[in-house]
Amino acid sequence: VQLQASGGGLVEAGDSLRLSCAASGRTFSSTVMGWFRQAPGKEREFVAVIDWNGARTYYVDSVKDRFTVSRDNAKKMVFLQMNSLKPEDTAVYYCAADHVPFRWRVTTISDFGSWGQGTQVTVSS
């Protein structure tokens, strides 16, 4: 699976952004998809994950009730809707694909074999 993320930008605290991730490859509909982020000077961290048909999702505590992950298997797309953004959400956001089909729940970097190039999200206070 090859991935390309987009949708980042510069917003103010309290604003919303929707990130998109376009995938290619024949295994997308059997693949768990995740979003990670990396802030300056910090390690990459898990943000959200969605299972292969969109029935299950899981989030890091810091984004629960603000972020929503979804997918469209027909279009091979994954989305991250981010509401009520905070300055601490500033980071480069990456989409990633699990390299093992039909595996739930995965949240660690090593579980994901394919990564997009990242999209910058900057939230000003």
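Residues numbered from 1 in each chain as written. Predicted model: local features only at pLDDT ≥ 70, side-chain atom pairs only at ≥ 80, totals over all residues. Heavy atoms only, no water.

Asker: Is there a simple way to explain unusual backbone geometry in this structure?
Answerer: Here the amide bond leading from tryptophan 104 into arginine 105 is cis, since omega sits at 5°, within 30 degrees of zero. Among the structural elements, arginine 105 can be located in the loop between β9 (91-98) and β10 (112-115). Backbone geometry places aspartate 65, a non-glycine residue, at a positive phi of 70°. You can see aspartate 65 is positioned in the loop between β6 (57-59) and β7 (67-72). On the basis of relative accessible area, aspartate 65 is assigned to the exposed category, the value being 83%. At lysine 76, a position not held by glycine, the phi torsion is positive, near 55°. The topology assignment puts lysine 76 in the loop between β7 and β8 (77-82). (Helix = DSSP H or I, 4+ residues; strand = E, 2+ residues; numbered from the N terminus. Buried < 20%, exposed > 50% of the residue type's maximum accessible area, 1.4 Å probe, protein only.)

Asker: Quick question: what am I supposed to make of the pairing of β7 here?
Answerer: Across a regular strand the side chains alternate sides, sitting on one face of the sheet and then on the other. Side chains Phe67, Val69 and Arg71 project from β7 onto a buried face, and the interleaved Thr68, Ser70 and Asp72 project onto a face without burial. Relative to β8, β7 runs antiparallel, the two being bridged by six bridges. Each residue of the ladder has a partner; that of aspartate 72, found in β8, is methionine 77. With antiparallel pairing between neighbouring strands as the criterion, β7 and β8 make up a hairpin whose turn holds four residues, including lysine 76 at a positive phi of roughly 55°. (Pairing = 2+ DSSP bridges.)

Asker: Mind showing me how you'd approach the sheet that holds β8 here?
Answerer: Remark on secondary structure: sheet strands pair via backbone hydrogen bonds, oriented parallel or antiparallel. The sheet built from four strands is open, its strands ordered β1-β3-β8-β7 with antiparallel pairing. Lying at the two open borders of the sheet, with one neighbouring strand each, are β1 (2-6) and β7. Each adjacent strand pair in this sheet contributes to an overall mean axis angle of 15°, direction not counted. In the sheet, strand β3 (residues 17-24) pairs with β8 via six bridges, with the strands oriented antiparallel. For serine 20, the partnering residue across the bridge sits in β8 and is phenylalanine 79. (Axes fitted to C-alpha atoms, helices over the stretch in contact; angles between N-to-C directions.)

Asker: Looking at this structure, how should I read the packing of aromatic side chains?
Answerer: Applying the stated rule across the entire model yields seven aromatic pairs. Between the aromatic rings of tyrosine 94 and tryptophan 115, the centroid separation amounts to 6.5 Å while the plane-to-plane angle is 75°, which identifies the pairing as edge-to-face. Here the residue tyrosine 94 occupies a position in strand β9, and tryptophan 115 occupies one in strand β10, the gap between them amounting to 21 residues. Residue classification places tryptophan 115 among the partly exposed positions, given a relative accessible area of 25%. Clustering of aromatic rings is evident, with ring pairs tying together Phe36, Phe46, Tyr58, Tyr94, Phe112 and Trp115. Against the face of phenylalanine 79 rests arginine 18, its NZ or CZ located 3.9 Å from the ring centre. Directly above the aromatic system of tryptophan 115 lies the positively charged group of arginine 44, at a separation of 5.0 Å from the ring centroid. (Phe/Tyr/Trp six-rings, centres within 6.5 Å; stacked < 30°, edge-to-face > 60°. Lys NZ or Arg CZ within 6 Å of the ring centre and 35° of its normal.)

Asker: Sorry if this is basic, but what is going on with the state of the cysteines here?
Answerer: In protein chemistry, a disulfide is the covalent bond that joins the sulfur atoms of two cysteines. Applying the stated criterion across every chain yields a total of one disulfide. Here cysteine 21 pairs with cysteine 95 through a disulfide, and the sulfurs are 2.1 Å apart. Measuring handedness by torsion sign, the sulfur bridge of cysteine 21 and cysteine 95 sits at about 65° and is right-handed. Here cysteine 21, found in strand β3, pairs with cysteine 95, found in strand β9; they are 74 residues apart in sequence, far enough to count as distant. We classify cysteine 21 as buried; its relative accessible area is 0%. (Disulfide = S-S within 2.5 Å.)

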